[in-house]
Amino acid sequence: MTTAVDDKAVREEFIRFIEEQKKKPGPLMPIMQKAQSLFGALTIEVQELISEQLGIPMSDVYGVATFYSQFALEPKGEHIISVCMGTACYVRNAEKVLDRLSEELGVSPGGTTPDRKFTLEPTRCLGCCGLAPVIMIDDQVFGRLTPSDVPEVLAKFK
Ligand code: FES
């Protein structure tokens, strides 16, 4: 779920939070975590707001936003597709499943479809290697997949 930075109520709530954090040491991380949870992503507009409110350069905000993997610079899709690239899945053609997903969705791995419906994320072992190759869409696991299964699996979420 993402909220635009120009949503007045959310923006005000965020500015109030910044004011409180400013009184404490090391305010940047909690402020960025709050921004991520309120807005869904640290877009350039959100980073500008933080820079403005804290009176620090954009490059400092951007540096932190890109350093930590917990922060997303773009809003994620409604459904997150995690494609396991762990060893067991990799040797059972996970890469071909990933290629097919990429082709069907028209996005590169790591990307989000323009309609913000899906985000495609290669990941480490998902802990169900017996079902390799495995993908997870939100909290549902799909195992023993072949590239030709991909359209049918995606259809369940369209
Ligand atoms: S390697 Fe893919 S689930 Fe473990």
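What counts and what doesn't
Residues numbered from 1 in each chain as written. Predicted model: local features only at pLDDT ≥ 70, side-chain atom pairs only at ≥ 80, totals over all residues. Heavy atoms only, no water. Helix = DSSP H or I, 4+ residues; strand = E, 2+ residues; numbered from the N terminus. Buried < 20%, exposed > 50% of the residue type's maximum accessible area, 1.4 Å probe, protein only. Contact = heavy atoms within 4.5 Å. Areas by Shrake-Rupley, 256 points an atom, 1.4 Å probe, with all protein chains shown as cover. Lys, Arg positive; Asp, Glu negative; His and termini not counted. Charge placed at Lys NZ, Arg CZ, Asp CG, Glu CD. Pairing = 2+ DSSP bridges. Axes fitted to C-alpha atoms, helices over the stretch in contact; angles between N-to-C directions. Domains from an automatic or database assignment. Core = buried A, V, L, I, M, F, W, Y, C linked by side-chain atoms within 4.5 Å. Patch = residues over 30% accessible without salt bridge, like charges linked within 9 Å, V, L, I, M, F, W, Y side chains within 5 Å. Salt bridge = Lys/Arg side-chain N within 4 Å of Asp/Glu carboxyl O. Phe/Tyr/Trp six-rings, centres within 6.5 Å; stacked < 30°, edge-to-face > 60°. Polar contact = N/O pair within 3.5 Å; in protein donor to acceptor, adjacent residues only side chain to side chain.

S.K.: Which residues make up the overall build of the protein, and what values go with them?
M.R.: In terms of regular secondary structure, the protein is built from seven helices and four strands. If you list the helices and strands of the protein from N to C, you get α-α-α-α-β-α-α-β-β-β-α. With respect to the three principal axes, the spread of C-alpha positions in the protein is 55 × 30 × 25 Å. Classification of the 158 residues of the protein by burial places 41% in the buried group. The contacts in the protein between residues at least 6 apart in sequence include a share of 59% that link residues at least 24 apart. For the protein, the accessible area works out to roughly 8,900 Å², and carbon and sulfur atoms hold 51% of it. Each charge class in the protein was averaged separately, 17 positive and 22 negative side chains, and the resulting centres sit 5 Å apart.

S.K.: Mind laying out the sheet that holds strand β2 (residues 118-123), listing which residues take part and the relevant values?
M.R.: Strand order in the open sheet formed by four strands is β2-β1-β3-β4, with mixed pairing between adjacent strands. Of all strands in the sheet, those with a lone pairing partner are β2 and β4 (140-142), marking the two edges. When the angles between neighbouring strand axes are averaged without regard to direction, this sheet yields 20°. Bridge count between strand β3 (residues 135-137) and β4: three bridges; the pairing is antiparallel. Of the residues in β4, the one forming a bridge with isoleucine 135 is phenylalanine 142.

S.K.: So what's going on with the domain arrangement of the protein? Residues and values would help.
M.R.: By the assigned domains, the protein splits into domain 1 (8-67) and domain 2 (79-155). On a C-alpha basis, the centroid separation for the pair domain 1 and domain 2 is 33 Å.

S.K.: If you had to explain the nonpolar core to someone new, which residues and values would you point to?
M.R.: Ranked by size, the top nonpolar core spans 20 residues in total, and within it Phe14, Met32, Phe39, Leu42 and Ile50 carry the most contacts. Looking at this core, the elements with two or more residues in it are α1 (8-22), α2 (28-39), α3 (44-54) and α4 (58-67). Among the elements that take part in this core, α2 stands out by supplying six residues, more than any other. Listed in part, the 17 residues of the second largest apolar core include Leu101, Leu120, Ile137 and Leu154.

S.K.: So, a negative patch on the surface: which residues are in play, and what are the values?
M.R.: There is a patch of like negative charges on the surface, built from Asp6, Asp7, Glu45, Glu48 and Glu52. As for its placement among the helices and strands, aspartate 7 is situated in the segment before α1.

S.K.: A description of the packing of aromatic side chains should follow, citing residues and the corresponding values.
M.R.: Under the counting rule described, the total for this entry stands at four aromatic pairs. With a centroid separation of 5.4 Å and 90° between ring planes, the pair formed by phenylalanine 14 and phenylalanine 39 is classed as edge-to-face. Placement of the pair is phenylalanine 14 in helix α1 and phenylalanine 39 in helix α2, with a sequence separation of 25 residues. Like phenylalanine 39, phenylalanine 14 is buried.

S.K.: Just give me the short version of the pattern of salt bridges, but keep the residues and values in it.
M.R.: As enumerated under the stated definition, the model contains six salt bridges in all. Here lysine 117 and glutamate 78 are joined by a salt bridge, their closest N and O atoms 3.7 Å apart. Linking lysine 117 in the loop between α6 (94-105) and β2 with glutamate 78 in the loop between α4 and β1 (79-84), this pair joins segments that are 39 residues apart in sequence. Owing to a relative accessible area of 22%, lysine 117 belongs among the partly exposed residues under this scheme.

S.K.: How would you sum up the environment of threonine 66? Please name residues and give values.
M.R.: Among the secondary structure elements, threonine 66 is positioned in helix α4. Between the C-alpha atom of threonine 66 and that of leucine 42, which follows or precedes it by 24 residues, the distance is 9.6 Å. A polar contact of 3.3 Å, which involves the side chain of threonine 66, links it to the backbone oxygen of glycine 63.

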